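Working through the structure, step by step
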Amino acid sequence: MLESYVTPILMSYVNRYIKNLKPSDLQLSLWGGDVVLSKLELKLDVLEQELKLPFTFLSGHIHELRIHVPWTKLGSEPVVITINTMECILKLKDGIQDDHESCGSNSTNRSTTENTKSSVKPRRIQQAAPTDPDLPPGYVQSLIRRVVNNVNIVINNLILKYVEDDIVLSVNITSAECYTVGELWDRAFMDISATDLVLRKVINFSDCTVCLDKRNASGKIEFYQDPLLYKCSFRTRLHFTYDNLNSKMPSVIKIHTLVESLKLSITDQQLPMFIRIMQLGIALYYGEIGNFKDGETEDPTCHNKDMLGNITGAEDETRIDMQYPAQYKGQELYSQQEDEQPQGWVSWAWSFVPAIVSYDDGEEDFLGNDPTSTAHQQKAQTLRDPIVSIGFYCTKATVTFKLTEMQAESSYYSPQKVKSKEVLCWEQEGTTVEALMMGEPFFDCQIGFVGCRALCLKGIMGVKDFEENMNRSETEACFFICGENLSMKGLTYLTNSLFDYRSPENNGTRAEFILDAAHHKETYTEIAGMQRFGAFYMDYLYTMENISGKGSANQDFSSGKSEDMGTVQEKSTKSLVIGPLDFRLDSSAVHRILKMIVCALEHEYEPYTGLKPDIKDENEIILNTEEVASLEEYIPTRHTSVTLLKCTCTIFMAEFNLLDHLLPVIMGEKNSSNFLNATNFQSLRPLPSIQILVDKINLEHSVPMYPEQLVHVVSNLTQLSDNLLHYCYAHCYLKIFGFQAGLTSLDCRGSYCLPVPIIPSFSTALYGKLLKLPTCWTKRSQIAITEGIFELPNLTVQATRAQTLLLQAIYQSWSHIGNVNSLSVNEALMNEVFQTIGVKSKNPLPTLEGSIQNVELKYCSTSLVKCASGTMGSIKICAKAPGDSGKEKLIPLLQGPSDTKDLHSSKWLNESRKPESLLAPDLIAFTVQVPQYMDYCHNSGAVLLCSVQGVAVNIDPVLYTWLIYQPQKRTSRHMQQQPVVAVPLIMPISRRKEDELSVGSAPLAKQQSYQASEYASSPIKTKTITVKKPPSRAEMPFNR
C-alpha cells in the first residue's frame, strides 16, 4: 500500500521537531487521512543544532497542527499541512562561552544525533520492508517525488519574538501559504518531467506586522510603540531547474520576493533599537558573533562542522570539509577577520541550500534502494554547486520618522499614552536587492533603486514650519531628490527577475549567469547600472580562484608556508554610483536630520565585538626568498569605489536656529532635553542661499584583505620591497571635478533667480594612506605611518562687497543662536546681488577677483617626526571696476611671482614685459618638520625651510571703494526674480588676449562679466603681457 511509503516520510519530519509524540497514534491518524495535533512543544535543542544560529530558543510551541493526506487522489491532489498559531521566542546567546560550550560538547551532540539517525533508519526500513509486490520501485519513486513536490504548507498566525537588553522585536504574519504552480504561476499539481526539468513554487505572505518595543527591568512593556511595519503583504516565487530526473538537488535556484508597497514607521524611541538590530545583522554577516576568545583553542573539525554543517547528513558534511579550504574553518585563520568572507552568515546560509531543496538521505531507504547503487550518482551531484539567485523587489517604500511625547489622560489615575507626530518622510521607488552565488568562491550582490526623495512633515521642536495651516507647497517640503520617476523609467528594476515577463524563466528558456569576474566587470558597469536604476546602484563582487590546480586550496598566512600562499586568489570589489541629486539644506531639513542623530545617540548599547589591541605576535614569521616571491605575485585586497554624479547642494539662510539644543548632544557635551520653542514660524521670502554644483565626485579606497597576517609577515622581512610595503597601507583617493559655487534666491512662488557665480568651476584631488598595525613597525622608524597629498591646479574666487555681505548674513544666520527673523536681509542688498535681467545698474559695484594656481601640499608622519611641505605656483588678485563709456576695466592689485628688482624705477612701469617660462620657480615653497614627542627631540630636531619669490602689490582706491560699500534703499526699483531650472553658474563670453595685464600695466576696458577674467586664469607662472603703448602719468597706479 502507498501508506507504507508515505507515512514514514511524514512521521519522520513531525517526530523530528515535536516533543512527546506517540508514533503509533500518529500512524493511525495518518492512515485515516487527517491528523489534528494540539498544544505541541517544539524540540528547541534540535532547532538550535540545525539552524547553527547564535540564538537560543526560550520557547517554541504550536497551538494546532493539521495534516491532510488525500490517499485516494494522492497523485492529483496535494498533501496539506496546516499550522495554526506557531510562536517562538529567541534571544542572543549569553556571551561567546555558550558557543564554546556547545562546540565543546558537539562531539556528544553529534554522536547523539548519529545515534538518533541510526535508531530511526532501521525503524524506517523495517516499516518499509513489507512492500507491495504490485507496486514497482520506479512507480513508487515517481509517486513519492510527486507528493513531495506538491506539498502545500499553510501557517496561520506565525509569531516570532526576539529579546535583547530592553529590546523586544516581534514579527506577526497572519497567513503564509506555500504551494506548487504552473508556467503562468497559477496554482497547479505539477511534477518534473524529461521535457520540463523545472519546479515552480509560490509563497504568499499576508498581513505581516513588525513591532519594536522597549521593556523595563522587569521585562514588561510599559508603552507600546507604533508598529515598524503594519499589515504588509508580499509574495515570493521559487524556481528550481534540474539537470535530469534523478537529480537530488537543482542546478539553478531562484528565490525572488516582490513587495508592492512597504511602509515603515520609526519613532525616536525605536531608532536606537532599530540601529541595534541592524548592527546585529552586520555582525552576523561579518561572522563576529560566535567567535572564540583570545587564547582559547578549538577543535577544527568541530568548528568546521558547526559553521558549515548540513542537515542532510554526515556525508554532506564530509563533502564540504573536502571541498572548501581550511581558511574557512579555524578562528585563528585570517578569513574570519573581515566582512566579505563567506565565513559567518554567508557560510551558514549556504549550508542550508542542499537541505532546503533536496530530499533527506533516509528517503532512499523508504524506497528499498541499495545505497551502493546510488553512491556514484550522489558523488557526482556533490561535485558541482548549484547557482543560487536571491532577489528582493519593492515597487514603493516609505519610511516615516516620528517624534513621541507622553500625553496624560483627564483622570489622575488614568495611564499615560504615547502620542507620536510625523516629522520626516523618505520615499523610494523601484528598489532591487539581488544576490548571486555559486558555492562560496563566488558571491555577487547588487542593490539599486530608481528614485527617492525626502520630505518635511509637520513641526519640529515646537516650530510649526509645516503644519497644515501653513499652506506650504510640497516642493518646499521636499529637501532631497535623487534619480527619476518610476512612471517614466518603467519596470527596469524587475529586469530578469521572476516577476519580469521577459525573463528567460517566464519564456521557457534556461537563464545564463555570468560567473566570471572579468566578464562580470565588463557587463555590469556603472553606466549599465545607472541606465537600469538611475538614482543608486551598488555592485559588490567577491571571488576566490584556486590557481594551484592541486585540489583544495589552503591559504593561511599565519602558517607562513609557501605552499599555502598564492594558491588562492581572492578579491573583493565594491562599486557604488549615486545619480543626479538635489540636496536642499534649509532650517527645517537641518533640524530634522540633527534631531534624528540626537535620537540615535540617546541610548548606547554595548558593541557585539570589541576592538582588538594592536599587539605584535611574539612568534615572528620568517620567509625564504621563494616564499617572498610567491607572496609578491598576488596579495588579496578589498577595493571600494564611490561615485557621485551631478550633485547640487543648496544651503539656505536659516529661518530659525535651535542648534544650541542639538549640537552639544551630538558632540557628547550634555544630554538632550525636551525643548519646545513657542515662537511662531514665519517663512522668509526671498530667501538667499549658497548653491554648490559638482559634476563628479569619485572616492576610491583599497585595503589589504587580511592586514594582521600580512603585516606580521612583511614587517619581519630583512629586505622590504616597495610592492609589499604598498599593500600594507590603506589607500584613499578623492577626486572632485567641476566644483562651482554661487548665490541664488528663492521667492514666494518657489522659483530660483539666476545664480550669481562666486567660485567658477575647478577640480581638485586628495590622496592619503594609513599604515596598518603601526605597532608592528617599531623597528623601522623610517616607515611612514600616514601620508597625504593635496593638489589644486587652480582656484578663482570673485565677489562684490554686496555678495560678501550676503554670504556673511547667511553664515551668521547659522552661527548666531536665536530668532533669525531679526536678521532679515536688506532689500537693497538683495537688489544689488540679484540684479534684474535687462536692467543696467547706474552705479555698478566693483568686483574683486583672486586666483591661485598650482597648489600642492604634502604631509607625512613617522614614529619619530611629522613633516609637511607645499608649493604654490602663483597668486593674482585684481579688481573689475566700471570705466569710461560704461565699459569695465581691470585693475591689478597683487601678483606673484614677479621680478621686483627694478620695481622702484619708472622704467619697470613703462617697459614691455613678456611671460616667463613655465619652468620658473614657484611663488612659495616650504617644508616643516617637527618631532612627534617634544620631550624626546634629541633624535630628531625641528626644521623650517621657506622660499618666497617676488610679489608686487598695488594699493588702488578701488579697494577702498569695495570695502566701504553699504547697501542703500532704492524706491524706484524692485527686485524681479526669474525662475530658472539648472542654470550653470558660469556664463560663457568672448575674451581677448589684450585683457591680460599685470601690475603696472594700463587698466583695459572690458564688458562686465561673471566669468573669471583671463587675467586670473592665465597660464601658470605668467607675470606680464606687452601693452600697445605706455600709460600716461595720470594713469600710473602709484600716482593716484
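Residues numbered from 1 in each chain as written. Predicted model: local features only at pLDDT ≥ 70, side-chain atom pairs only at ≥ 80, totals over all residues. Heavy atoms only, no water.

A look at the overall build of the chain
Counting its regular elements, the chain contains 26 helices and 27 strands. The proportion of buried residues among the 1040 residues of the chain is 48%. Element-wise, carbon and sulfur atoms account for 56% of the exposed surface of the chain, whose accessible area totals about 51300 Å². (Helix = DSSP H or I, 4+ residues; strand = E, 2+ residues; numbered from the N terminus. Buried < 20%, exposed > 50% of the residue type's maximum accessible area, 1.4 Å probe, protein only. Areas by Shrake-Rupley, 256 points an atom, 1.4 Å probe, with all protein chains shown as cover.)

Details of helix α3 (residues 44-51)
Listed as buried for α3 are Leu44, Val46, Leu47 and Glu50. Seen end-on, α3 carries its buried residues on one side only, within an arc spanning 160°. Positioned one or two residues after α3, lysine 52 has a phi angle of 55°, which is positive. (Arc of directions from axis to C-beta.)

Overview of the nonpolar core
Counting residues in each nonpolar core, the largest one holds 147 residues, and the members touching the most others are Leu30, Leu42, Leu65, Ile67, Val69, Leu743 and Phe834. Counting residues in each nonpolar core, the second largest holds 19 residues, with Leu623, Ile635, Trp777 and Ala784 among its members. (Core = buried A, V, L, I, M, F, W, Y, C linked by side-chain atoms within 4.5 Å.)

Comments concerning a positive patch on the surface
Taken together, Lys419, Lys421, Lys458 and Lys464 make up a surface patch of like positive charges. Position of lysine 421 relative to the elements: it lies in strand β10 (residues 417-438). (Patch = residues over 30% accessible without salt bridge, like charges linked within 9 Å, V, L, I, M, F, W, Y side chains within 5 Å. Salt bridge = Lys/Arg side-chain N within 4 Å of Asp/Glu carboxyl O. Lys, Arg positive; Asp, Glu negative; His and termini not counted. Charge placed at Lys NZ, Arg CZ, Asp CG, Glu CD.)

Quick look at the pattern of salt bridges
All chains considered together, the criterion is met by 23 salt bridges. Linking glutamate 64 and arginine 66 is a salt bridge whose minimum nitrogen-to-oxygen distance equals 3.1 Å. For arginine 66, a relative accessible area of 38% translates into the label partly exposed. The salt bridge involving glutamate 177 is made with arginine 187; its shortest N-O contact spans 3.0 Å. Taken as a pair, glutamate 177 in strand β5 (residues 167-181) and arginine 187 in the loop between β5 and β6 (198-214) lie far apart in primary sequence, ten residues in all. Three or more residues are tied together by salt bridges with common partners; here these are Arg145, Arg146 and Asp191.

As for the packing of aromatic side chains
For the structure on display, the rule yields eleven aromatic pairs. Both rings, one in tryptophan 426 and one in phenylalanine 480, keep their centres 5.6 Å apart while their planes meet at 25°; by these two values the pair is stacked. Of the two residues, tryptophan 426 sits in strand β10 while phenylalanine 480 sits in strand β12 (residues 478-483), which places them 54 residues apart along the sequence. Exposure remark for phenylalanine 480: the relative accessible area of 14% places this residue in the buried category. Judged by centre distance (5.6 Å) and plane angle (85°), the ring pair of phenylalanine 480 and phenylalanine 583 falls under edge-to-face. (Phe/Tyr/Trp six-rings, centres within 6.5 Å; stacked < 30°, edge-to-face > 60°.)

Remarks on a nonpolar patch on the surface
Side chains of Val948, Val951, Val953 and Ile955 sit close together on the surface and give an oily, nonpolar patch of about 370 Å² of accessible area. A residue is classified by how much of its surface remains accessible, and valine 951, at 35% relative accessible area, is partly exposed.

Re the environment of isoleucine 736
Within the secondary structure, isoleucine 736 sits in strand β18 (residues 729-746). A C-alpha to C-alpha distance of 6.1 Å links isoleucine 736 and lysine 696, two positions 40 residues apart in sequence. Not counting the four nearest positions on each side in its chain, isoleucine 736 is found in contact with Val694, Lys696, Ile697, Ser763 and Thr764. (Contact = heavy atoms within 4.5 Å.)

Description of the pairing of strand β8 (residues 252-267)
Two faces, one strand: in a regular strand the side chains alternate between the faces of the sheet. Of the pairings in the sheet, the one linking strand β7 (residues 229-241) to β8 comprises eight bridges and is antiparallel in character. Looking at the pairing, leucine 229 lines up with leucine 264 of β8. Examined bridge by bridge, β8 and strand β9 (residues 387-407) share 15 bridges and lie parallel to one another. Paired with leucine 262 across the strands is alanine 397, a residue of β9. (Pairing = 2+ DSSP bridges.)

Considering helix α23 (residues 801-815)
Across its 15 residues, α23 extends 21 Å between first and last C-alpha, which sits within 8% of the 21 Å expected from 1.5 Å per residue. Turning to α23, its buried residues are Ala802, Gln803, Leu805, Leu806, Ala809, Ile810, Ser813 and Trp814. (Expected span 1.5 Å × (residues − 1).)

Section: the environment of phenylalanine 739
Locating phenylalanine 739 in the fold gives a position in strand β18. Linking phenylalanine 739 and serine 763, residues 24 residues apart in sequence, is a C-alpha distance of 6.2 Å.

Side note on the confidence of the model for the chain
Mean pLDDT over the chain: 76, with 69% of residues reaching 70 or higher. Between residues 96-134, whose pLDDT stays under 50, and residues either more than four places distant or in other chains, the model counts 42 contacts. Considering only residues more than four positions removed or in separate chains, one finds that residues 550-565, a stretch of pLDDT under 50, has 50 contacts. (pLDDT = per-residue confidence, 0-100.)

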